[in-house]
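Survey of secondary and tertiary structure
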Amino acid sequence: MSVSSNKFPERLSPTKLTYIDGRPATITLRKCKLVSNENGKRTEYVFDKDVITLGAMEDNDVVLEDETVSRYHCKIVLENDTYMLIDLDSTNGTYINRVRIREGFLRPDVTISLGNSEIRFAPVDEKLRVVPSEKTRFGDIIGRNAKMREIYSILERIAPTDTTVVIEGETGTGKEVVARTVHQQSRRKAGPFMVFDCGAVPENLIESELFGHEKGSFTGAITTRQGVFEMAHGGTVFLDELGELQVDLQPKLLRVLEQREVKRVGSARPMKVDVRVIAATNRNLEDEVRAGRFREDLFYRLSVVRIKLPSLRERKEDIPLLVKSFLKSSNFNKNREGERKVQAISRSAMDQLMEYDWPGNVRELVNVIERAVSFAETDTIQATDLPDHLGRGRPPGLGSSVGGLPLGADLEGSVRITAGSGSFPFPVPQVSSDATFKDAKEKWIASFEREYIVNLLKRNGMNISHAARESDIDRKYFRKLMKKYSITTGNPAEDNEED
């Protein structure tokens, strides 16, 4: 008879960060050990994965040469804070301490039986203190700020594992740089690194882009196509703007994380994939869960390790290091011979950079330095090469830009308009007394539309998807209004995106 274990296991801490007074204090690396005595030979396996497959086929994590073991016999899954053993419709059944199960929680030192084979299970946690690293960079991540050095310490521990990571932080803080660094420091570095922006792909194409499709599965599917997860086999998938993923697709992402398999659109046959998942978001996923926009089970599956990147205004001491790195390695500071055009930055220019609050974070800093390099008449950036608004210590007003980054500001002669989740100052346009009603109306509407879009983008960290959602405007129409008024985000990839 097949039964399910109904005894709740003793609580086990998963791979996670423990915070004290808002600062990371310890990291618990979740690992488990499986010990088999197949044919009298003792073999130990240690895994840091959250899904472990056992069976007779060679693509299992634990391969058993036992005729009584099915090809894909069972799997061990890390569920929130416990390990669970799940039978995969095996011929001869799966047992925990000689009790047959479909699904059962695994306690330390239990015996798993598959056919005639027995395997001993034991969790082997590794608990480590988070001590700020002494380094000023980790891979491509740069900074000497204490929070950044704590992040280096965490990444050094988790990068070599297959642990799922969620990177949180404002737009422009460098979440993709962190994801690429984790990949480069992992054992998967020789494999592909695939980026998928959940907020940049049309809703009707997201499923096909993620999971692939079969020929003829929908109108326009003239060939079979691999999805991102298939193409990333053996490497890493970076899911950017995770909070933008449609609710109806979230169960399919959960299946990939739990089963490590994907099913193309139009196919009934799932395919196994070997990928590590790193996700990024500037949304608070806990708030999204409470609002019903993000599945709770997917949130817990993804949130094995969550890293919060500080904004640039919280680590201004890193600005000199960042500027030095940009001038040294960025292509915009090289001539045709590959030599640096600008060698340094003056004290007065650096003082202006240090006084500014950087609402666009590191991305905005890169744009400002690129602009300054193009304006510099010598090999040193001067204060006069920087945008005027930096000297005022605040973002530019309407009609100004920093590296193509218009942000809006409080203006005199204005009224305050309440819209969405906030308000903004609306400058009263000057209309001549002889203007027709139609002309005056068009001027007011144009002024309102531009100021509304600028301030909404500012409030949403220059993220078009978020701003369009808050305004309840279709994303394509929102971008149309941006183009109408020459408004840009400072992100060339997004600004040049085809509708």
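For the structure, see preceding data.
Presented here is a report on the structure given in the accompanying data block. Model, not experiment: these values are computed from the prediction.

The rules behind these values
- Along each chain, residues carry numbers from 1 onward, in the same order as the chain's sequence is written.
- Only residues with pLDDT of at least 70 get local features here, since the model is predicted, and only at 80 or more are side-chain atom pairs given and counted; chain-wide, interface and lining totals rely on the full set of residues.
- The side-chain quantities take in all heavy atoms of the structure and omit both hydrogens and water.
- Numbering of helices and strands runs from the N terminus, with a helix taken as a DSSP run of H or I at least four residues long and a strand as a DSSP run of E at least two residues long.
- Surface exposure here means Shrake-Rupley accessible area, sampled with a 1.4 Å probe, where a residue is shielded only by the protein chains that are shown.
- Whenever a nitrogen or oxygen atom comes within 3.5 Å of another N or O atom, the pair is scored as a polar contact, on the condition that within protein one atom can donate a hydrogen and the other can accept it, and that pairs from neighbouring residues in sequence are kept only if both atoms are in side chains.
- Should any heavy atoms of two residues lie within 4.5 Å, those residues are considered in contact.
- A fitted line through C-alpha atoms serves as each axis, taken over the contacting stretch for helices, and the angle formed by two N-to-C directions is quoted from 0 to 180°.
- Should an angle fall under 35 degrees it is taken as roughly parallel, and over 145 as roughly antiparallel, whereas 65 to 115 is taken as roughly perpendicular and any remaining angle as oblique.
- Note on convention: the crossing is left-handed when the near helix lies turned anticlockwise from the far helix by less than a right angle, right-handed when the turn is clockwise.
- Each residue is assigned to one of three groups, with Ala, Val, Leu, Ile, Met, Phe, Trp, Tyr, Cys and Pro labelled nonpolar, Asp, Glu, Lys and Arg labelled charged, and all others, Gly among them, labelled polar.
- A pair of strands counts as paired when DSSP detects no fewer than two bridges linking them.
- Each residue is placed in one exposure class: buried if its accessible area under a 1.4 Å probe, protein chains only, is under 20% of its type's maximum, exposed if it is over 50%, and partly exposed if it falls in between.
- Note on definitions: salt bridges are taken to be side-chain nitrogens of Lys or Arg within 4 Å of carboxyl oxygens of Asp or Glu.
- Lining residues are those with an atom within 4 Å of a point, where the points come from a 1 Å grid over the protein atoms alone and group into cavities, where a 1.4 Å probe fits but cannot get out, or pockets, open sets with protein on both sides within 12 Å along at least five of seven lines.
- Grid points are joined across faces, edges and corners, and a volume is the space filled by probe spheres set on the points.

What about the overall build of the protein chain?
- Helices and strands together make up the secondary structure of the protein chain, namely 14 helices and 27 strands.
- Summing over all exposed atoms, the protein chain offers an accessible surface of approximately 24,500 Å²; the carbon and sulfur share of this is 46%.

Here's the deal with the side chain of Glu241
- By the element assignment, Glu241 lies in the loop between β19 (236-240) and α5 (250-259).
- Within polar-contact distance, the side chain of Glu241 engages the side chain of Asn463 at 2.7 Å.
- When sequence neighbours within four positions are dropped, the list of residues in contact with Glu241 reads Asp197, Cys198, Gly199, Ala280, Asn282, Asn463 and His466.

Section: the packing of helix α8 (residues 319-329) against helix α9 (residues 347-355)
- Relative to each other, α8 and α9 sit at 120 degrees, their axes nearing to 10 Å. As the angle between them shows, α8 and α9 are arranged oblique. Taken as a pair, α8 and α9 cross one another with a handedness that is right-handed. On α9, the residues that touch Ile319, Pro320 and Val323 of α8 are Met350, Leu353 and Met354.
- Across the contact of α8 with α9, the residue classes break down as six nonpolar, no polar and no charged.

What about the sheet that holds strand β3 (residues 32-38)?
- The six strands are arranged β4-β3-β13-β12-β9-β10 in an open sheet whose pairing can be described as antiparallel. Since the sheet does not close on itself, it has two edges, and those belong to β4 (41-47) and β10 (99-101), each with one partner. Shown here is a sheet whose adjacent strand axes are inclined to one another by a mean of 30 degrees, direction ignored.
- Bridge count for strand β9 (residues 94-96) against strand β12 (residues 111-114) is three bridges, and the pairing is antiparallel. Residue Thr94 lies in a different strand from β12, and its bridge partner there is Leu114.

Considering the sheet that holds strand β18 (residues 193-197)
- Sheet architecture is open: five strands sit in the order β18-β19-β22-β17-β23, paired in parallel fashion. At either margin of the open sheet sits one strand with a lone partner, and together these are β18 and β23 (305-308). Direction aside, neighbouring strands of the sheet carry axes that sit 20 degrees apart on average.
- When β19 meets strand β22 (residues 276-281), the two strands line up parallel, connected through four bridges. Bridge pairing in β22 places Leu239 opposite Ala279.

Regarding the pairing of β12
- Because side chains alternate across β12, one face comprises the buried residues Thr111 and Ser113, and the other comprises Ile112 and Leu114, equally buried.
- Note that β12 and strand β13 (residues 117-123) share four bridges and pair antiparallel. By the bridge assignment, Ser113 is partnered in β13 with Glu118.
- The antiparallel hairpin formed by β12 and β13 contains two residues in its connecting segment, where Gly115 sits at a positive phi of about 60 degrees.

With respect to the environment of Arg363
- Structurally, the position occupied by Arg363 is in helix α10 (residues 361-375).
- According to the relative accessible area criterion, Arg363 is partly exposed, its value standing at 33%.
- In contact with Arg363, not counting residues within four places along its chain, are Thr171, Gly172 and Asn491.

Focus: the pattern of salt bridges
- Evaluation of the coordinates by the stated rule reveals 25 salt bridges.
- The salt bridge partner of Arg187 is Asp162, with a shortest N-O separation of 3.4 Å. Note that Arg187 is positioned in the loop between α2 (175-184) and β18 and Asp162 in the loop between α1 (146-158) and β17 (165-168), a separation of 25 residues in sequence.
- Of the residues examined, Arg187 reaches a relative accessible area of 55% and is grouped as exposed.
- Using a relative accessible area of 12% as the deciding quantity, one classes Asp162 as buried.
- When the shortest N-O distance is used, the salt bridge between Glu214 and Arg264 registers 3.4 Å. With Glu214 in the loop between α3 (206-211) and α4 (228-231) and Arg264 in the loop between β20 (261-262) and β21 (271-272), this pair connects stretches of sequence that are 50 residues apart.
- Given a relative accessible area of 13%, Arg264 falls into the buried group.
- A single network of salt bridges, built from pairs that share partners, joins Asp48, Asp162, Arg187, Arg188 and Asp274.

Description of empty space enclosed by the protein
- Throughout the structure, instances matching the rule amount to two cavities of 30 Å³ or more.
- In this structure, the largest cavity encloses a volume near 80 Å³.
- Together, ten residues line the largest cavity, and Asp48, Lys49, Asp50, Thr163 and Val304 are the ones closest to its centre.
- Partitioning the lining of the largest cavity into residue classes produces two nonpolar, three polar and five charged.

Concerning the layout of surface pockets
- A volume near 1,400 Å³ is recorded for the largest pocket.
- If you go around the largest pocket, you meet 48 residues; those closest to its centre are Gly174, Val177, Val362, Arg363 and Val366.
- Looking at which element gives the most residues to the lining of the largest pocket, the answer is α8, with seven residues.
- Its residues placed into classes, the lining of the largest pocket shows 17 nonpolar, 15 polar and 16 charged.

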